[in-house]
Structure formats: structure tokens, C-alpha cells
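Reading the structure
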Amino acid sequence: MAGLSAMEKKLAEFKCNTNEAIQLKLVRFPEDLEDDSTTFNPEYSHQVFGDDEVAFGYKGLKILLYYNAGNLSTLFRIEYTSKVNENFDCVEADDVENKIRKIIPPGFCTSTDDFVSLLEKEVNFKPFGTLLHTYSVHNEEAGEDITYQIYQADMTCPGFREYHERLQTFLMWFIETASFIDVDDERWNYFLVFEKYNKDGATLFATVGYMTVYNYYVYPDKTRPRVSQMLILPPFQGEGHGAQLFETVHRYYMSSPTVLDITAEDPSENYVKLRDFVLVKLCQDLPCFSPEKLMQGFSQEMVTEAQQKLKINKQHTRRVYEILRLRATDMGDPEQSRGYRLDVKKRLIGPYKKKQRELAKMRRCLRPEELTNQLNQIDLNMQHEQLEESFQQLVSDYRRVLERLAQA
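Residues numbered from 1 in each chain as written. Predicted model: local features only at pLDDT ≥ 70, side-chain atom pairs only at ≥ 80, totals over all residues. Heavy atoms only, no water.

Note the threshold: UniProt positions are given in the numbering used here, feature names are shortened, and annotations may be inferred rather than shown by experiment.
Per an unreviewed UniProt entry, the chain goes by Histone acetyltransferase type B catalytic subunit and derives from Chrysemys picta bellii. Word for word, the UniProt comment on the chain under Sequence similarities (unreviewed entry) is "Belongs to the HAT1 family." Checking UniProt for the chain, the heading Catalytic activity (unreviewed entry) contains the comment "L-lysyl-[protein] + acetyl-CoA = N(6)-acetyl-L-lysyl-[protein] + CoA + H(+)".

Listed below in C-alpha cells is the structure:
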């Protein structure tokens, strides 16, 4: 046992956390390669390295994935201080290289010199597709406004297919349930964010993030665009690019008479918060959301106007209403506060009422002992506690949206 424990201890030294081992960069200048401040790490690596997010067989493992900032030409290299020896240690190291090769397209560099030489070609890189929106963000560190542009592209754009293959590799590291899409399906639209920057007097473009949208058919003559994946790369997060991209894409589809409404596939919590902010921003000036009408309650007028003018569905319109009504409500006034609380809880209680209807059916159908088991699972006091907890969390989320709106 002692010998086994010693072996286990030895082998444990050859386990590496892949979220730490993978080092990503967006490179603009050769000196970025040695600048640790330009390095960022994945949030997830389980889709490549398993649920434990561990690579076995190495000490000091580094998986270098460096990208030219614009075209995303890639450098892939593996470094380590030592590796288990199959003959000596009777174990085999994970094939890290093959795991990475499965998600990055061929044609990458393995030599730093080759990668640096490709930087010189970045001056020739231009964004793909049609320019939809230009905006600027003030950079405190640089002390100047930086310009960004959002483009809409598709697979007919020369070079875009290959670029997209490189871009989508980031999804594996930053979206928990990411998957690559079928780019041969023409119903996909792609929206890209780029930063304009200067290098030796020339204007270059750096990739900031992107969104993919699938256009579903709705009988008889409409489409329902559904956001599939959205990612702002880590060096650019927290600067408002997500809101700019979301609003630009929403306005792009708003202008189409064939679009019914816009939705999202399995949205993350952060995406929902972003959507709340943008949709409230778009809706707040609609006549149906005036303070007077908000205090009268949720109405079909709101559903119709938001859908017809802004392509927002009923479910999202209801959230917009609740956020804007919170802004119009004096929560220090007992009567107004109670009215708001009852209005929101009336919606939240829907699932609980469904359980009660199911319980009524059980009373008619189940034997006494079976009914007792079901009743034990439906504790009304617990339901009231959960309802209050859901309400408080919702109000907290809504207040953050309103705070951001006030600063916009």
C-alpha cells in the first residue's frame, strides 16, 4: 500500500489544470508574445479535456494558442518541463496535441518566426461583409476614443469561411455548452465586431467578438431569427461591446417586414441581463410604456406595439414592462409597492398554480398512500418562500438594469 501511495503521489505531480495550462493571446505587435499582460485563459476546457479539465502526463504544461489580432492566423505550440515515460512509469501521457488539433483548423504555425512574419500581412486584413454600425469607446489608459465597427457577413464573402473556422475555436473555451455550427446552411447570419487601430501609420482591424443567428421559418411567410452564440473576447469584455452588438443586430432585423420576432437559444444568465438592458432601452420611449400606462398594468397594447415596431415577443415584452414599471413605482409608498409586488408575483405564481391543478387531479386518481407521497413533495409554505425569494432576486436584477440605463 505504501508503495502504491508513493506511485499515486508521483503520478499526481503530472496532472495539470487545463484552464491554467492553455494560454491565449490576440497579437498585434511582436513584443506582445513576451508580454504576460496580453495573455488570457479559458473559462472552460471540459469539452476538450473532460469534466475534470485536467491533462495528465506533464509537469509545467503550457498549451500556447496565439492568434494574430485581425485575421486570427494561429500559432499552436506545446511546452512542458517534464513528461511521464511510458517505459519507466508504466503510464502514458494524454495526447494533448491531438485533442487541440481536433478543434483548430489546419494551416496553423508551430514556429514563432513564421507566426511573426504573418503579422506583417495584417495590414491587408479587412472586415468581412457589410458595415452596419460604427461607435467609439473612451479608453482611459490610452486617453483617447477608440473606434469600433460591426459588420454582417455570410459564407459568400471571400475568405470568411476560413476566418470563421479560426474564430469559432474560442467558443470551446468561453461558452459552456458550445458547438460548431453547420456553415453550409444558408439560413445562418454572422455579425462581427472589429476595433480599428493604427500601426506604423496604417489602419488595421482587430477581432473583438461575434454573434451567430439562425433564421427559422414561421408559417406562412415570416422568419424568427434566433441568436445561437454570442461572444465578446475577454480582452474587450466590460466595455459595452455586447450591448452595441445586441442592439445593432436587433435593429438589423427590425427593419425587415418578414421578421416576426427575435429570440435566443438557451440564453445564459449574462445574456438575459444584456437583453433586458437593450430591450428596455429600445422600449422606454414607446407610447404604450408611458408611466401612466405602466401603472395600469401589462396590456395587449404593449405586446402588439413591441412586436410590430421592435420585433419583441410577448415573454420579453412582459419583462420590459416589469422593469419599466419598477422605475415608475415609488417602492417607498406602501400602496404602490404592494401593487407592483402583486403584479409580478401573479406572473411568477404560474408554475405553482400548475402544481396545484396537478394535485387536484391526483386527489381524484391516486390511492390515499400515493397521494400522501405526492403531498409531501408539495409544501405550500416552501412554495411561498420560493416565490418571495424569486421576486426579490428579480427586483435586484431589474434595479441593476435601471442603474445601467441611467448611466447610458
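1. Observations regarding the overall build of the chain
Convention followed: What counts as a helix is a DSSP run of H or I of at least four residues, what counts as a strand is a run of E of at least two, and both are numbered from the N terminus. In this scheme, a residue with accessible area under 20% of its type's maximum is buried, one over 50% is exposed, and one in between is partly exposed, where area comes from a 1.4 Å probe on protein chains only. A contact between two residues is defined here by any heavy atoms of the two lying within 4.5 Å. We get accessible surface area from the Shrake-Rupley algorithm with a probe of 1.4 Å; when it comes to residues, only the shown protein chains can shield them.
The secondary structure content of the chain amounts to 17 helices and 14 strands. The buried share among the 408 residues of the chain stands at 46%. In the chain, once contacts between residues fewer than 6 apart in sequence are set aside, the share between residues at least 24 apart is 66%. Looking at the chain as shown, the accessible area adds up to about 22000 Å², and 47% of this sits on carbon and sulfur atoms.

2. Here we look at the nonpolar core
Convention followed: Definition of nonpolar core: a set of buried residues of the types Ala, Val, Leu, Ile, Met, Phe, Trp, Tyr and Cys, connected through side-chain atoms within 4.5 Å.
Grouped together as the largest cluster of nonpolar side chains are 108 residues, with contacts concentrated most on Phe170, Trp173 and Phe289. In this structure, Tyr66, Leu75, Phe115 and Leu119 belong to the second largest nonpolar core, which totals eight residues.

3. Description of the pairing of strand β13 (residues 222-232)
Heads up, the condition is: For two strands to be treated as a pair, DSSP must find at least two bridges joining them.
Relative to β13, strand β12 (residues 202-218) is paired through ten bridges, and the arrangement is antiparallel. Bridged to Tyr214 within β13 is Arg226. Hairpin connection of β12 to β13: three residues between the antiparallel strands. Bridge count for β13 against strand β14 (residues 263-264) is two bridges, and the pairing is parallel. Looking across to β14, one finds that Val227 is bridged to Ala264.

4. Structural notes on helix α13 (residues 314-328)
Keep this limit in mind: Expected helix span is given by 1.5 Å per residue-to-residue step, counting one fewer step than there are residues. Throughout this description, a polar contact denotes any pair of N or O atoms lying within 3.5 Å of each other; where both atoms belong to protein, one of them has to be capable of donating a hydrogen while the other can accept it, and for residues adjacent in sequence the pair is counted only when both atoms sit in side chains.
Compared with the 21 Å implied by 1.5 Å per residue over 15 residues, the 21 Å span of α13 between its first and last C-alpha is a close match. The element α13 is largely enclosed, with a buried count of eleven among its 15 residues. The set of residues buried in α13 consists of His316, Thr317, Arg318, Arg319, Val320, Tyr321, Glu322, Ile323, Leu324, Arg325 and Leu326. For α13, the N-terminal capping position is held by Asn313, with its side-chain oxygen 3.3 Å away from the main-chain nitrogen of Gln315.

5. A closer look at helix α7 (residues 160-167)
Heads up, the rule is: It is the directions from the helix axis to the C-beta atoms that the arc portrays.
Residues Phe160, Tyr163, His164, Arg166 and Leu167 constitute the buried set of α7. Down the axis of α7, the smallest arc covering the buried residues is 160 degrees, so these residues share one side. Buried-residue contacts for α7 involve β6 (62-68), β7 (74-79), β10 (144-153), α8 (171-174), β11 (188-199) and β12.

6. Some thoughts on the pairing of β12
With 13 of 17 residues buried, β12 is to be regarded as a mostly interior element. In this sheet, β12 lies alongside β11 in antiparallel orientation, the contact comprising twelve bridges. Looking at β12, one finds that Tyr190 is bridged to Thr212. The hairpin turn running from β11 into β12, its antiparallel successor, is two residues long, and Asp200 in that turn takes a positive phi close to 55 degrees.

7. Remarks on the sheet that holds β6
For clarity, the cut-off: Axes here mean lines fitted to C-alpha atoms, for a helix over just the part in contact, with angles spanning 0 to 180 degrees between N-to-C directions.
Within the open sheet, the four strands sit side by side as β3-β2-β6-β7. Their pairing is mixed. Bordering the open sheet on either side are β3 (39-40) and β7, each of which pairs with just one other strand. Across two bridges, strand β2 (residues 22-27) lies against β3 in antiparallel orientation. Looking across to β3, one finds that Lys25 is bridged to Thr39. Sitting on the sheet, helix α6 (residues 112-119) is in contact with β2, β6 and β7, with an inclination near 20 degrees to β6.

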